[in-house]
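Each chain, written out:
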Amino acid sequence: MPIPFTLGDAADLTDVAIQQIWIKSADMANVVPTYYDKYMNVEAGVTDRLLRDSSITGLGEATRITEQAVITGEAPVQGYDKLYTQVEFGKLMSVTKQMWRFGIKKRDLTGIVQELRNLCLRHKERLCGDRLDNDRSTSYTQSEDSGNFSNATLAGGDAVAMISTAHTREDGGTNWNNEVTDGTTVNMDFDYDAIKAAHRTAALIRDGKGNLMNVSLDTLIVRKGFTNYFRAMEILGAIRTGGARTLPGTGDNDAAGTPAFKILPLPWITTNTAYWWMFDSSMKGPKFGLQLKESQPIQLEGPNVVFKTGEIQYKATEMYDLGFNDSRNFVGSKNTNAA
């Protein structure tokens, strides 16, 4: 890509025979609405480069006390900690003085500077989507214009990937699982029976002391415009009729068997487009689920004029980190009916 942007790079801008020139970007609506804040807890105003969170568990249950018996004692257990390290993201746009004066400014295209904000937001959306796209991994290779690098921060506080059958429990008890299963089949293909299995999976999740948590799934995340999205719309339509309408593709009319749910159609799943997830939105907060820790929102800086050449520079930057400590409010499936 040309740096700086010169007259020769876009000759149409100074061609008097062309009356209308438009700015066309990948996000025709300025990336509105946002998606990441619908499934991630966003914490703004972070003031430290390194931020670590931790927890202690509650207690178990009361026990029976027989006559003259010594009451059983119990203490909380230290939970896992998670480190978030602020990373700066941004981009620079550089334009020659003549291109700015005779091309961009004359054509009233100065709004192109705002595209710097949009590309920061697009990148944030993609990085957040990557957390779901790589939900079974503890690292992945991230591709950016500046090059590829390994992102090795995907594990939670228990050093396990976001969706796993092997989440360790803080008190050393039996591992807990958030990989969708009906008890026999795992990673179920998305359909009515899989929604019931997701609720079953969530109902079996226990806290750090082994207590059942009553996770109530209410939001489905699917890749926008793909098969699971349309199937979800069909099933949700049947559920909302209270079972009066048969499930699409079947002769069954038991659609009222599961509660209605919200659908979050996410356009930022780029690889594993058949994956699907459900989560309890009431638990979306600093204790559970995906986190975005932000120390600097998107800021546009400029113009900076290079004295020797008159070149005009703008840049947009922001600083944040992504991750999770405890994913007990999420369940997920690879949509494969296999482990």
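Refer to the structure printed above.
This structure is a prediction, so every number in the text was calculated from the model and none was measured.

Engineer: What is the right way to read the overall build of the chain from this model?
Structural biologist: Broken down by element type, the chain carries five helices and 12 strands. Every one of the 339 residues in the chain was classed for burial, and the buried ones make up 45%. For the chain, the share of sequence-separated contacts (at least 6 apart) that also reach a separation of at least 24 residues comes to 72%.

Engineer: Looking at this structure, how should I read the sheet that holds strand β9 (residues 276–279)?
Structural biologist: Here we have four strands laid out as an open sheet, ordered β8-β7-β9-β12, and mixed in their pairing. A single partner strand is all that each edge strand has here, and the edge strands are β8 (262–266) and β12 (330–333). The mean angle between the axes of side-by-side strands here comes to 20 degrees, regardless of whether they run parallel or antiparallel. As defined by bridge partners, strand β7 (residues 219–223) adjoins β9 across three bridges and the pair is classed as antiparallel. Residue pairing across strands places T219 opposite F279, the latter belonging to β9. Running at roughly 165 degrees to β8, helix α5 (residues 227–240) makes contact with β7, β8 and β9 of the sheet.

Engineer: What is the right way to look at the pattern of salt bridges in this model?
Structural biologist: A side chain of one charge can pair with a side chain of the opposite charge if their charged atoms are brought near each other. Overall, the coordinates contain 16 salt bridges when judged by the stated rule. Of the charged contacts in the structure, one is a salt bridge between D135 and R136, with a shortest N-O distance of 3.1 Å. Accessibility expressed as a relative area gives 0% for D135, which makes it buried. In this structure R136 comes out as partly exposed when scored by relative accessible area, which is 22%. The salt bridge involving R169 is made with D171; its shortest N-O contact spans 2.8 Å. Classification of D171 as partly exposed rests on a relative accessible area of 30%. Here the residues in one salt-bridge network are K124, E294 and E318, joined through shared partners.

Engineer: Would you mind showing me how to read the nonpolar core here?
Structural biologist: Burial of nonpolar side chains together is a common tendency in soluble globular proteins. Ranked by size, the top nonpolar core spans 28 residues in total, and within it L220, F261, I263, W276, M278 and V331 carry the most contacts. Of all elements in the fold, only α4 (192–203), β7, α5 and β9 reach the threshold of two or more residues within this core. The element that contributes the greatest number of residues to this core is α4, accounting for six residues. Beyond its immediate chain neighbours, meaning those up to four positions away, F261 contacts I195, D218, L220, A232, L236, I239, R240 and M278. Counting residues in hydrophobic clusters, the runner-up holds 27 residues, among them L121, L266, W277 and L322.

Engineer: Got a minute to help me understand the layout of surface pockets in this structure?
Structural biologist: One water molecule sets the probe size; rolling that probe over the atoms shows where empty space is left. In this model, the largest pocket occupies a volume close to 420 Å³. Considering the residues around the largest pocket, the lining is formed by 23 residues, among which S55, E170, F288, D326 and R328 are closest to the centre. Each residue belonging to the lining of the largest pocket can be placed in one class, and the counts come to seven nonpolar, eight polar and eight charged.

Engineer: Looking at this structure, I do not really get helix α3 (residues 115–133). What am I missing?
Structural biologist: The periodicity of an α-helix, 3.6 residues per turn, causes residues three or four places apart in sequence to face the same way. End to end, α3 covers 26 Å across 19 residues, agreeing with the expected 27 Å (1.5 Å per residue, within 8%). With respect to burial, α3 is a largely interior element, 16 of its 19 residues being buried.

Engineer: Where do I start with the sheet that holds strand β10 (residues 290–305) in this structure?
Structural biologist: Pairing between the strands of a sheet comes from backbone hydrogen bonds, and it takes one of two forms, parallel or antiparallel. With mixed pairing, the four strands of this open sheet are ordered in space as β1-β10-β11-β4. Where the open sheet ends on each side, the last strands, each with one partner, are β1 (41–43) and β4 (87–95). Taken over all neighbouring pairs, the strand axes of this sheet differ in orientation by 25 degrees on average, direction set aside. In the sheet, β1 pairs with β10 via three bridges, with the strands oriented parallel. Paired with V42 across the strands is L292, a residue of β10.

Engineer: Where do I start with the pairing of strand β3 (residues 82–85) in this structure?
Structural biologist: Along any regular strand, the residues point their side chains to alternate faces of the sheet. Of the two faces of β3, the one lined by K82 and Y84 is fully buried and the one lined by L83 and T85 carries no buried residue. Relative to β3, strand β2 (residues 50–53) runs antiparallel, the two being bridged by four bridges. If you follow L51 over to β3, its bridge partner there is Y84.

Engineer: Even after reading the chapter, I still don't get the packing of aromatic side chains, so can you show me in this structure?
Structural biologist: For any two aromatic rings, the description comes down to two numbers: the centre-to-centre distance and the angle of the planes. Within the structure shown, the criterion is met by five aromatic pairs. Over the ring of Y320 we find K124; its NZ or CZ atom is 5.1 Å from the centre of that ring. Between K293 and the ring centre of Y84, over which it is positioned, the NZ or CZ distance is 5.3 Å.

Engineer: Sorry, what's going on with the environment of V306 here?
Structural biologist: The topology assignment puts V306 in the loop between β10 and β11 (312–324). In this structure V306 comes out as partly exposed when scored by relative accessible area, which is 27%. Each C-alpha atom, one on V306 and one on S94, is 10.0 Å from the other, the two residues being 212 residues apart in sequence. If sequence neighbours within four positions are ignored, V306 has contacts with E311 and Q313.

Parameters at a glance
- Residues numbered from 1 in each chain as written.
- Predicted model: local features only at pLDDT ≥ 70, side-chain atom pairs only at ≥ 80, totals over all residues.
- Heavy atoms only, no water.
- Helix = DSSP H or I, 4+ residues; strand = E, 2+ residues; numbered from the N terminus.
- Buried < 20%, exposed > 50% of the residue type's maximum accessible area, 1.4 Å probe, protein only.
- Contact = heavy atoms within 4.5 Å.
- Pairing = 2+ DSSP bridges.
- Axes fitted to C-alpha atoms, helices over the stretch in contact; angles between N-to-C directions.
- Salt bridge = Lys/Arg side-chain N within 4 Å of Asp/Glu carboxyl O.
- Core = buried A, V, L, I, M, F, W, Y, C linked by side-chain atoms within 4.5 Å.
- 1 Å grid on protein atoms, 1.4 Å probe; cavity = no way out; pocket = protein on both sides within 12 Å on 5 of 7 lines; lining within 4 Å.
- Points joined across faces, edges and corners; volume = space filled by probe spheres on them.
- Nonpolar A, V, L, I, M, F, W, Y, C, P; charged D, E, K, R; others polar.
- Expected span 1.5 Å × (residues − 1).
- Phe/Tyr/Trp six-rings, centres within 6.5 Å; stacked < 30°, edge-to-face > 60°.
- Lys NZ or Arg CZ within 6 Å of the ring centre and 35° of its normal.

Coordinates in, geometry out; function isn't part of it.
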